[in-house]
Structure formats: C-alpha cells, structure tokens
Amino acid sequence: MSQILFGNHGPAAPSKTLRRGLIPIAVNVTATATGIIEFSNGSTAEATCLRCPSTPCMTFADSEVVSASLPEFPADRNPSVCPTGAITKTISGAPSVNPDACMFCGVCASRCPVGAIYLNPYAVVKDQPHPDFLETRDSKETAASFALFSSAARRGVFLEESDDVVDELRSRMERAWKTIGDRFPDHLARNLLIAAGVGAAMRRKGDVFARMDLVLGAPWPMYGCAEAEFGDVAVLDAPRDLLDDVAVSVGRLGKPTSLIALVVTDVLPNRRSEYWRIVQDIRKVVGLSIGTVTVLALCMIVWSGRRMRDLPNDLFHVDIDTPSYRQAVLEPLVGRPLRIGSEPRPSVDIAK
Ligand code: SF4
Ligand code: SF4
C-alpha cells in the first residue's frame, strides 16, 4: 500500500468519533481528573482522546505561528505546542506525556476540545474505550466530532496555584531552559500567549529584519511587541528593548490605533533595580504602557481558560509606585486571594 497514504509507519491507527446522534454541549475540566462531557440528551461521559489526525494538542497550524498583523515578520515556524518536548504521539495515535519533562503550562490541555488532557499537576492524556466513542478510520467522522466539541461550552479550571505548584513550575522551567537553551523563553512565551488568545509569532533566530522577540496581534484586538527575557539580569534591559521594538514596528507599519508592549519573564526584577522606574518614565514621557507578565501569570490565564482580551487593558502595567504584583495583577486575574503563602516568591512578589 502506498507510503504516501500511510507514511512510513503502516496504516494509520483508528481515531474516534461520537456515537451517532450524540451532541456535546459542555466540557467540564478539573484539576486531577479527566474532563466530563455533557451531551444534549442529558447523558454524560468521561472525556477520551479522539486521536485527532492533526493532533492540535501537539502541533500548531502554520497560520497560528505567523503574524497576521505583520506578515513580513520573519517568524520561526516551530509548530511544537509543548515548549519542553514532553508530549509525543504514541502508536495508538493518542499523545502521551513524559511527566518528568512536563512543566504543567497547560498549553496542550487548553487545545484539546474534548478535555482528554488534564493536569495532575503534569499533563495526563486519557485514551480509554468508552461506549459513547466509536473507533473509526474515517478522518471526516473524527473531524466532525472535533468540530462539535469545539463549539461546546468550556467550564472549569485545569490547575490552581499552590506553593508546591509555583515552586515546581519554576524549577522545571529552569531545568528546561538549561537543557533547551536560548530559544526556550521565546518558544514558551509564544505558546502561552497563543493559548491565552493572543496572536503571537516569534522571531527567527539570527534574522535582523526586526529586533523584537515576538509580535502580537490578531486574533487579539491589539497590535504589539513582546520581549521574553528570563533571569534577573536579562530582564532589566527589556523595557528599553521594547522602546526600540516599538520604533521599528511603527516605522514599518505606521502608527497603529492601539499598541501594547509586554515583557514576559520568569522572575520579577527587585524594587531596587531601575526596571520599574524606567517602565514608569517610558509611560510618562512617550505614553507607552509596558506590561510585565510573569510566566506564572500566563499559566494562570491558561489554566483558567481565560483570554487576555477579557482582562483589563492595563492590568499588567506595574511600576515603581505599585505596592504589590500579587495584589495588583495576580489576584485581580483570578478574582480571589492567591492560594500561595505570604513568603515572597520571585514570580509572585517584587522583592525589596
Ligand atoms: S488529546 Fe485532544 S487534541 Fe490531542 S489528539 Fe486527543 S482529542 Fe485530539
Ligand atoms: S502541560 Fe505544557 S509542558 Fe506539559 S506536556 Fe503540555 S504543553 Fe508540554
């Protein structure tokens, strides 16, 4: 049989479709357990992987990783959804996660319409037989089921912050950064921003067309730039770099009606650094509001299934006069006090 049809791995594994007549109306996700699907006939089922041929939990479509707002931006088209390489496709066609490599960012889970991936706290893929899901080799049937799930309501939260989750996230992120190298911050930031509903494209390594690490835009209603800088030294230059980025963008695109500039970082600069003063000065002098977004904050947006466009525009603008990142950004983000102890953490609190 043709290898064009089946690649080098023999016939494709069967995918799954819904039992005839079942229409999913809601997918309820929770931490620690697979999603529960509600159907229009009142029945429910545990989520199970459809084994989508295009595996959106693993792979971005090309249109997602280029900039719709700035098509000439030299985008790195790396399609990997998982920034740490923890998720792979098994012989059954379902993905599988290496728990040691997963940093529970939640990007893969956010892209599964069925709720077949949950975070406990690392990602787990459920691929069990269930009478409501029938095996098929007809990819059109799977695509039809995928479309039905994509229009179903999403409820629930994948993961909530806790001392252990925040500390482990930081430690796994640092390990991945050391292992993967200097492309990791841009890749992680891009993927989290896309999962948070922001069009984001990252610059191809070595390309000098544009300096910014990421361009932001459609389907987000604002155009912008971002610098992804990890480490308490590298982040200090990010506000000045963003000024440069904005000058380049405006030079190429003309002055947009709305423009946003974000620093995506793993740690918050301490209060004695000049970072927060520069952010304030830039706003006062040129009217550019720079947002400081920690990876933890982006993860919390993804874990809760929220979208950046639903958050207040200026939520992430923090400067020398902001008493607390926790109270000014993270708690409004989740709408409640954080479930994290008061001991300062560099992704939660600005150290003195
Ligand atoms: S985990 Fe979800 S998105 Fe990934 S292949 Fe299975 S059903 Fe599709
Ligand atoms: S939660 Fe994040 S790190 Fe873990 S497998 Fe999914 S995409 Fe990869």
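No experiment lies behind these values; they were computed from the predicted model shown.

**What about the site of ligand 2?**
Then, number 1: Taken together, Cys82, Thr84, Ala86, Val97, Cys102, Met103, Phe104, Cys105, Gly106 and Cys108 make up the full set of residues adjacent to ligand 2.
Then, number 2: The residue makeup of the shell around ligand 2, split by class, is eight nonpolar, two polar and no charged.

**Focus on the pairing of strand β15 (residues 290-294)**
Then, number 1: The element β15 is extensively covered by neighbouring structure, given that five of its five residues are classed as buried.
Then, number 2: Of the two faces of β15, both are covered, the one formed by Ile290, Thr292 and Thr294 as well as the one formed by Gly291 and Val293.
Then, number 3: Of the pairings in the sheet, the one linking strand β14 (residues 259-265) to β15 comprises five bridges and is parallel in character. Note on β15: the bridge partner recorded for Ala261 is Ile290.

**Points about the pairing of strand β11 (residues 199-202)**
Then, number 1: Side chains Gly199 and Ala201 project from β11 onto one buried face, and the interleaved Ala200 and Met202 project onto a second face that is buried too.
Then, number 2: As judged from the four bridges shared by β11 and strand β12 (residues 214-217), these two strands associate in the antiparallel manner. Within β12, the position partnered with Ala201 by the bridge is Val215.

**Observations concerning the domain arrangement of the protein**
Then, number 1: Domain assignment breaks the protein into domain 1 (3-58 + 83-156) and domain 2 (163-334).
Then, number 2: A C-alpha centroid distance of 30 Å is found between domain 1 and domain 2.
Then, number 3: Listed by partner, the interface residues are 14 residues for domain 1 and 19 residues for domain 2.
Then, number 4: Where domain 1 abuts domain 2, roughly 1,200 Å² becomes buried across the two surfaces, and 68% of that area is made up of carbon and sulfur atoms.
Then, number 5: Among the residues of domain 1 in contact with domain 2, Pro83, Met103 and Phe104 are the three that bury the most area, contributing 48% of the side total.
Then, number 6: Where domain 1 meets domain 2, there are zero salt bridges.

Calculation notes
Residues numbered from 1 in each chain as written. Chains lettered and ligands numbered in written order. Predicted model: local features only at pLDDT ≥ 70, side-chain atom pairs only at ≥ 80, totals over all residues. Heavy atoms only, no water. Near = heavy atom within 4 Å. Nonpolar A, V, L, I, M, F, W, Y, C, P; charged D, E, K, R; others polar. Buried < 20%, exposed > 50% of the residue type's maximum accessible area, 1.4 Å probe, protein only. Helix = DSSP H or I, 4+ residues; strand = E, 2+ residues; numbered from the N terminus. Pairing = 2+ DSSP bridges. Domains from an automatic or database assignment. Contact = heavy atoms within 4.5 Å. Buried area = accessible area lost by both parts, 1.4 Å probe. Salt bridge = Lys/Arg side-chain N within 4 Å of Asp/Glu carboxyl O.

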